[in-house]
Every structure is written in C-alpha cells, then in structure tokens.
Amino acid sequence: MKQFNTVAVEGSQFGDEGKGKITDYLASHADVVCRYQGGNNAGHSVEINGVKHALRSLPSGIYNSNVTNVIANGVVVNPFALLDELDENINSGLKTYHLLISNRAHLIMPYHIDLDGAYEEALGSNKIGTTKRGIGPCYADKAKRIGIRAGDLLDKDYLYKRLEGALAVDNKELVAFGKKPYEIQPLYEKLLKASERLIPFITDTSVYLNDMIDAGKKVVFEGAQGSLLDLDHGTYPFVTSSSPTSISIPLNAGIAPMKIHKVLAIMKAYMTRVGSGPMPTEQVNDWGNAIREKGHEYGVVTHRPRRVGYLDLVLLGYTMRITGVTDIACMLFDVLMDVKDLKVCVAYNLDGKEIHYVPSSEPEYARCTPVYKDFKTIPHFDTKKIHCFEDLPKEAKDYLGFVSTYLNAPISILSLGPDRSETVNFKEIF
Ligand code: IMP
C-alpha cells in the first residue's frame, strides 16, 4: 500500500500538553499544517528565538513561511477573533503566511458566546468550566442544522437567510435565559465587513489536502485540546464539544482514514487539567503547587491555574488504545528534574478491585484511587548535552523507559524547554 507522508499530532491527556511547540517544530520539515477541530478555546504557544507567540485558532505552522496552514471543516471559527489574532501576530512579527479556511467550517457567532455563559450559569455547581468562547453552542447549532458556515460568507443573500434561521431559534433560547436577543441587521453588517478580509482564505480544503497528500507532500494534522476531553471518549460530561482524537481527522478534514500514516501522542511528563471533572492523580498540595510554578501551568486562553498531578498511565493507555498511537513526544520533562516523591499511576483501585481501564460512569470514576509506582528523583542535568536517549541520567532513562514499555510505543521526541531548539529527536517522524 502507498505510504503517505502524514502525521497526526494529538494531545493524549486533558489538553495543554505542548502540541503547539511540536507542531511548529515538525512544521519546519512540513508542507502543510492542518487544524482539524476545536476553536479559539485552544491556546497553543510557540516560542521562536525567545519570543512567545500565543495562537488560538491559527494553526501552529503559521510562523513557517513555507507552510500552508489549513483550518479544516471540523474547526469552529470565530471570524472576528480570528482577524484579531491574525493582527496581533502580524504586529508581533508575523510577515509572510499562507492560510486556507474550509468553506464547510462553522462560524462562532456572538450569540454562541452568550449561550455558553448562560448554560454555565444555569448549571451552577454542575458547570463544566468551559472557556466561554461559544464552542459548545456553535457545535450544537451545527448538529441542529442552523449553523453558519464560512462558505456562506461568499453569498450575501444566502448568508442573510442562514442568519435569519439561526436567530429565530437562538434568540428564543437567549430570551428564555433572560439574555438580550440579537438584531439581525447590525450582526449581518459586521459579518459582511469581516468577510471582506476572510473571503480570500476560504476554499474547499478537503480537495487541497487530498491533492497535497496524494502528491507526497508532508502534512501535519494538529489537534486542539486532548483525547480525554473528547466528546465521545473523554470524561463526559466534563469534555469539550468536538473530538480531539486523531481518529476524528478523516471526518474533520475530509480525507480517507488510511491517509493518516503516524499518530504522535503529545504527553506531558505529568498531568494537568483545567476546568471541572475527574483527575484521580491530582495533587492539591506543595508537590502540585511546586510543579505548577516550575512548569508555568496557567491557561493560555483563560489564565486559569491548571490542576496538577502525577502521570496517569491508565488514562494514557486508554488514549493509546482508542487512537493507535505510533510515537510519543514527552513534553516538559525538564520540570521533573530534582522533584522529590516522583511516581506514576499504573492502575486504579475501584471498590477494592484493581482495574486498568477508565470507567465511563462519572460516579464510578470518582471512586477510583490511583495505584502508584515510585521512581527515584531525576538529578539536575545539562539539557544542552542531551542528543540521544543514552545521554540522559539513569533515573531519567528509568522513568521514560517504564512509560514507553507500559504504553507500548517509542518516545520519539523529548522536550527539555520551551524553545524550538530545546527539542531532542530520538526517532525521525517524517
Ligand atoms: P469548552 O471547550 O470551552 O467548551 O470547554 C470544555 C472543557 O474543555 C473545559 O473543561 C475546558 O477547560 C476544557 N478545554 C477547552 N479547551 C481547552 C484547551 O485548549 N486546553 C485545556 N482544556 C481545554
């Protein structure tokens, strides 16, 4: 069978694993970078020559002038926020860039953001802890068949008709929540204004991606969030409203499943989570606080402090099983240097029984307690002197070796700092 030059970059935990850094790193060898789900709830940071760039909807290959960056049909795009993000990056040094937006991508409208807030308020103590960017309501409108798509911006009359339909439904909901309904005309005019800049980017990206893949070009598929926030496979209901797993790429980008050659799981060396939901290895103590500070574990989008815990191999094993991971990139490994009480979770105890799977029921999962394996402290080492696995101290090799064996996948990339240059490639991805 023909071998395709494609790799899926997938968050294997609860998001914020460092996908942006690895996508930017791989982009320097790639022709195309494609974001396939989520929206501006994502916060990918890319650090180039010591300067940090925050990306939310733009693919992380945007700083590589030879790369075409695709926002595929599975992404939800806030047209106004996207233009602001583009301008912010242009102001901070982005010069030549290539961007395409799928004509089938759904648009996040201001009323989606209001509804996101209204749902969270109504849920009270049961709230999900969303990023309040309108992600859930936009995907809900897509399923309700009242969404507005990027391609609708190309036809003014059709756009008006679609907006009329959406507001007929969503305004009723806003009023029911005690919120202000939207008038069509100002919103329509605002959209027309934004469309002047957006239209040149809008195209059928499925055609483009297939042409590129078939021509043997190197394509990176960049996921947002992480597989444990997946709408189907994550810790429901504490999930996002799309599928961050690589198995969703065919649907979300319009390509056939066999065109995904490699799946690179991005794995932080410990766990973090933002928002509500189960996290069995969470450490609400000095250990967790110290890692949060050392790893700068604060959200890129909402600036919320992230919850911190020990690496959970049960959760990672679940990601491996459902998504067919071929390689692992271990991120923020330098943060573990000199850390006392190092351990990883290898099983859960559920009502006195040891289990190795993630229960689907929220109450059952809440009763799970971690079973740990202890590791020796990894001594401080000079990250600049690490060029291959053998260069690492024994304690680091023990930790990584155990994780790789448990998960049955090679650690192909090790990240030892935020900059592009602080990345060690143990095994070629492309
Ligand atoms: P939403 O995606 O804004 O609907 O939020 C749903 C859940 O996903 C919340 O727990 C968020 O904190 C979480 N979430 C959404 N985007 C990200 C991300 O990029 N990183 C980490 N968590 C995220």
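We now turn to the structure provided with this report. Residue numbers here run from 1 along each chain, matching the order of that chain's written sequence. Confidence filtering applies because this is a predicted model: local features only for residues at pLDDT of at least 70, side-chain atom pairs given and counted only at 80 or more, and all residues used for totals across whole chains, interfaces and linings. Calculation of side-chain values draws on the structure's entire complement of heavy atoms; hydrogens and water are dropped beforehand.

### What about the side chain of Arg306?
Looking at the secondary structure, you find Arg306 in the loop between helix H9 (286–294) and strand E13 (307–309). Here Arg306 falls in the buried class, since its relative accessible area comes to 7%. One polar contact links Arg306 to Glu297, side chain to side chain, over a distance of 2.7 Å. A contact between two residues is defined here by any heavy atoms of the two lying within 4.5 Å. In this structure, Arg306 is in contact with Asp16, Lys268, Thr272, Arg273, Val274, Arg292, His296, Glu297, Tyr298, Gly299 and Val300, ignoring residues within four places of it in sequence. Each helix is a run of DSSP H or I of at least 4 residues and each strand a run of E of at least 2, with the numbering of both proceeding from the N terminus. Note on classification: 1.4 Å probe, protein chains only; a residue is buried when its accessible area is under 20% of the maximum for its type, exposed when over 50%, partly exposed between these limits. Counting of polar contacts relies on pairs of N or O atoms within 3.5 Å, with two restrictions inside protein: one atom must be capable of donating a hydrogen and the other of accepting it, and residues adjacent in sequence are counted only when both atoms are side-chain atoms.

### A short note on the packing of helix H5 (residues 156–176) against helix H6 (residues 184–198)
Think of each axis as a best-fit line through the C-alpha atoms, taken over the contacting stretch in the case of a helix, with angles from 0 to 180 degrees between the N-to-C directions. Relative orientation of the contacting elements H5 and H6 amounts to 135°, with a least axis distance of 11 Å. Regarding the angle of H5 to H6, the classification is oblique. Crossing of H5 against H6: the hand is right-handed. Across the interface between the two elements, Lys156, Asp157, Leu159, Tyr160, Leu163, Glu164 and Leu167 of H5 pack against Ile184, Gln185, Leu187, Tyr188, Leu191 and Leu192 of H6. Should an angle fall under 35 degrees it is called roughly parallel, over 145 degrees roughly antiparallel, and 65 to 115 degrees roughly perpendicular, with every other angle called oblique. Two helices crossing with the near one rotated counterclockwise from the far one by less than a right angle form a left-handed crossing, whereas a clockwise rotation gives a right-handed crossing.

### Comments concerning helix H3 (residues 110–123)
For H3, which comprises 14 residues, the first-to-last C-alpha distance of 20 Å matches the rise-based estimate of 20 Å (1.5 Å per residue) to within 8%. Along H3, the residues classified as buried are Pro110, Tyr111, His112, Leu115, Asp116, Gly117, Ala118 and Glu120. As for H3, its buried residues are in contact with helix H2 (79–91), strand E8 (106–107), helix H4 (135–144), H5 and H6. To estimate how far a helix should extend, the number of its residues minus one is multiplied by 1.5 Å.

### Details of the site of the ligand
Near the ligand you find 16 residues, and of these Asp16, Asn41, Thr131, Thr240 and Arg304 are the closest. Take Gly129: an N or O atom from its main chain is 3.4 Å from an oxygen atom of the ligand. Separating an oxygen atom of the ligand from a backbone N or O atom of Val274 is a distance of 3.2 Å. For the ligand, whose free accessible area comes to 470 Å², the fraction covered by protein is 97%. Just so you know the grouping, Ala, Val, Leu, Ile, Met, Phe, Trp, Tyr, Cys and Pro go in nonpolar, Asp, Glu, Lys and Arg go in charged, and all remaining residues, Gly too, go in polar. Looking at the shell around the ligand, its residues break down into 6 nonpolar, 8 polar and 2 charged. Put simply, a residue is near a molecule or strand once any heavy atom of it comes within 4 Å of that molecule or strand. Surface exposure here means Shrake-Rupley accessible area, sampled with a 1.4 Å probe, where a residue is shielded only by the protein chains that are shown.

### Side note on the packing of H2 against H6
Where H2 meets H6, the closest approach of the two axes is 10 Å, and the angle between their N-to-C directions is 45°. With respect to H6, the element H2 is oriented oblique. Crossing hand, H2 versus H6: left-handed. Along its contact with H2, which presents Pro79, Phe80, Leu82, Leu83 and Asp87, the element H6 presents Lys190, Leu191, Ala194, Arg197 and Leu198. For the contact of H2 with H6, the residue count by class is 7 nonpolar, no polar and 3 charged.

### Notes on the pairing of strand E19 (residues 411–415)
Counting buried residues along E19, 5 of its 5 residues qualify, which places the element largely inside the surrounding structure. Pairing of strand E15 (residues 327–331) with E19, which is carried by 3 bridges, proceeds in the parallel orientation. Residue pairing for E19: Ala329 is matched across the bridge by Ile413. Both E19 and strand E20 (residues 423–425) contribute to a ladder of 3 bridges, which runs antiparallel. Within the sheet, the bridge partner assigned to Leu414 lies in E20 and is Val424. What makes two strands pair is DSSP finding at least two bridges between them.

### Details of the environment of Tyr63
Mapped onto the fold, Tyr63 is located in the loop between strand E4 (51–55) and strand E5 (68–71). Separated by 53 residues in sequence, Tyr63 and Glu10 have C-alpha atoms that sit 20 Å apart. For Tyr63, the contacting residues outside a window of four places in its chain are Ile48, His53, Leu55, Asn89, Ser92, Leu94 and Arg420. Within the structure, Tyr63 has its side chain in polar contact with the side chain of His53 (distance 2.9 Å). A distance of 2.7 Å separates the side chain of Tyr63 from the side chain of Asn89, its partner in a polar contact.

What is shown is where atoms sit, not what they do.
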